[in-house]
Amino acid sequence: MSKPMPPAFERSRTMKQEIKDLYDLWLKKTEGNAELHDELSAIEGKEDEISDRFYRALEFGTGGLRGVLGAGTNRMNVFTVNQATQGLADYLNAKYDSPSVAIAHDSRINSDVFAKGAAGVLAANGIKVYIYPELVPTPMLSFAVRKLHCSSGIIITASHNPAKYNGYKCYSHEGYQMTDAEANATYECIRKVDIFDDVRTMDFDEGIKSGKIEFAVVTTPVEMKPPLKKIVLQSFREILVGGKTFTALGSQVLSLAEVKNYPMICLGRETMTYQFYSQFFLKHCLELTPDTEVATTDQILPLVKNELGLAFLPEKIAEEAIARHEIVQIALQDPVPERQICMVYDV
């Protein structure tokens, strides 16, 4: 009578079989993806190679996903990225009535492929997508999330890691990386998604045609370094405004030095607008020191109406409140330079 195998041996044998089963499943399911299928076919019979790709799944945390590019659950590929995106979609649809997501990517291998794939998954789940059409600096994703009032953001990048790596980071509606609580909640949704059977997808071009996916735009100042360029879509000017308390200033022409005598409201210092006005003040040998900083432009007007200070606002946003005498426009000796709405692209 043979002796039973030790528990550790049984666990090892079970794990090896699970890994083999996963490998066989992926070999079958990736037949439509030549790159991944060829990689898996090339390692047939090589236990160490197979095990390294399938002994675990990439974990999702505050840093999102990050791993070596390739086939398998422990690799960055279209399937692991789309699974994570389906989990994110489930999380957002449960949290928001009409969620939207901004997407950006860097120049790493397959970054553009992963970005478009993620956009297609989100669109298929009824989530509005704003995607940069070409690579942009990472901070532009944070800017787009806040500027477009998105529920979340995705940036495809692996930062300083070697070229064989790529990554997938999720941002909150505030334009920062997800908190631990948000990441954990998203991860729980991801874990429930079958990587092959539960992911909804939509062709990227179809998403563009249907309007479910749109290209993201930005406002200047945006310093473009080659090969990045920008297409100007529209120009606009911003004006200085104040609440009824400052009505007397409406008949005066102030210098920037005089403006500093009053409380100021401005977008946060991490924004392009803050940088723009910081430089504007510096050109007049002054420092921008706002008393109140806000996350989005739409938060400024209510604060002005409630007499919390002066603020710079686009004319189009301010004109209705001025016409209703809810706020007053204040003239400056040195008008604010013209700004532009533009699309960033690569050449």
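My aim in this report is to walk through the structure given alongside it, one point at a time.

A few words now on the overall build of the chain. In terms of regular secondary structure, the chain is built from 12 helices and 15 strands. Counting every position in the chain, which comprises 347 residues, the buried fraction comes to 46%. At a minimum sequence separation of 6, the contacts of the chain that also span at least 24 residues come to 73%. In the form shown here, the chain has an accessible surface area of approximately 17,800 Å², with 51% of it arising from carbon and sulfur atoms.

As paired strands, strand β9 (residues 238–243) and strand β14 (residues 327–332) are joined by four bridges and run antiparallel to one another. Counterpart to glycine 242 in the pairing with β14 is valine 328.

A few words now on the packing of helix α4 (residues 78–95) against helix α7 (residues 180–191). For the pair α4 and α7, interaxial distance at closest approach is 8 Å and the crossing angle is 115°. Handedness of the α4/α7 crossing: right-handed. Here Gln83, Ala84, Gly87, Leu88, Asp90, Tyr91 and Lys95 of α4 come into contact with α7, specifically with Glu182, Ala185, Thr186, Cys189 and Ile190. Class assignment for the residues of the contact of α4 with α7 results in six nonpolar, three polar and three charged.

Our focus in this paragraph is helix α10 (residues 272–282). Counted residue by residue, α10 has eight buried out of 11 residues, so it is predominantly covered. The complete set of buried residues in α10 reads Met272, Thr273, Tyr274, Phe276, Tyr277, Ser278, Phe280 and Phe281.

With that out of the way, let us pick up the nonpolar core. In this structure, Ile103, Ile154 and Tyr168 are the most contacted members of the largest nonpolar core, which totals 32 residues. Listing elements by their share of this core, those giving two or more residues are α4, β2 (100–105), α5 (111–124), β3 (128–131), β4 (152–156), β5 (165–171) and α7.

Direction vectors running N to C along α4 and α5 enclose 35°, while the axes themselves pass 9 Å from each other. The chirality of how α4 crosses α5 is right-handed. Along the contact surface, α4 presents Val78, Val81, Asn82, Thr85, Gln86 and Ala89, while α5 presents Val113, Phe114, Gly117, Ala118, Val121 and Leu122.

Across all of its chains, the model carries 10 aromatic pairs by this definition. For the pair phenylalanine 79 and phenylalanine 196, a centre-to-centre distance of 5.3 Å together with 65° between the ring planes defines the contact as edge-to-face. Of the two residues, phenylalanine 79 is situated in helix α4 and phenylalanine 196 in the loop between α7 and α8 (204–210); the sequence distance between them amounts to 117 residues. In this pair, the class of phenylalanine 79 matches that of phenylalanine 196, namely buried. Ring plane angle 85° and centroid distance 4.9 Å describe the contact between phenylalanine 276 and tyrosine 277, whose orientation is recorded as edge-to-face. Under the relative-accessibility criterion, tyrosine 277 is labelled buried at 2%. Following the ring pairs from residue to residue traces out a cluster consisting of Tyr23, Trp26, Phe54, Phe79 and Phe196. Over the aromatic face of phenylalanine 276 sits the side chain of arginine 339, whose NZ or CZ is 4.6 Å from the ring centroid.

Before going further, it helps to examine the side chain of glutamate 182. Its place among the elements puts glutamate 182 in helix α7. Buried and unpaired, glutamate 182 has no salt bridge, with lysine 95 as the nearest side chain of opposite charge at 4.0 Å.

Looking now at the sheet that holds strand β1 (residues 65–68). One open sheet accounts for six strands, arranged β1-β5-β4-β2-β3-β6; its pairing is mixed. Two strands close off the open sheet at either side, each with one partner strand: β1 and β6 (213–215). Across the sheet, the mean angle separating the axes of adjacent strands is 15° when strand polarity is ignored. Bridge count for β1 against β5 is four bridges, and the pairing is antiparallel. Directly across from leucine 65, in β5, lies its bridge partner tyrosine 168. In the packing of α5 onto the sheet, contacts are made with β2, β3, β4, β5 and β6, and the angle to β2 comes to roughly 170°.

Quick notes on the rules
- Residues numbered from 1 in each chain as written.
- Predicted model: local features only at pLDDT ≥ 70, side-chain atom pairs only at ≥ 80, totals over all residues.
- Heavy atoms only, no water.
- Helix = DSSP H or I, 4+ residues; strand = E, 2+ residues; numbered from the N terminus.
- Buried < 20%, exposed > 50% of the residue type's maximum accessible area, 1.4 Å probe, protein only.
- Contact = heavy atoms within 4.5 Å.
- Areas by Shrake-Rupley, 256 points an atom, 1.4 Å probe, with all protein chains shown as cover.
- Pairing = 2+ DSSP bridges.
- Axes fitted to C-alpha atoms, helices over the stretch in contact; angles between N-to-C directions.
- Left-handed = near helix turned anticlockwise from the far one by under 90°.
- Nonpolar A, V, L, I, M, F, W, Y, C, P; charged D, E, K, R; others polar.
- Core = buried A, V, L, I, M, F, W, Y, C linked by side-chain atoms within 4.5 Å.
- Phe/Tyr/Trp six-rings, centres within 6.5 Å; stacked < 30°, edge-to-face > 60°.
- Lys NZ or Arg CZ within 6 Å of the ring centre and 35° of its normal.
- Lys, Arg positive; Asp, Glu negative; His and termini not counted.
- Salt bridge = Lys/Arg side-chain N within 4 Å of Asp/Glu carboxyl O.

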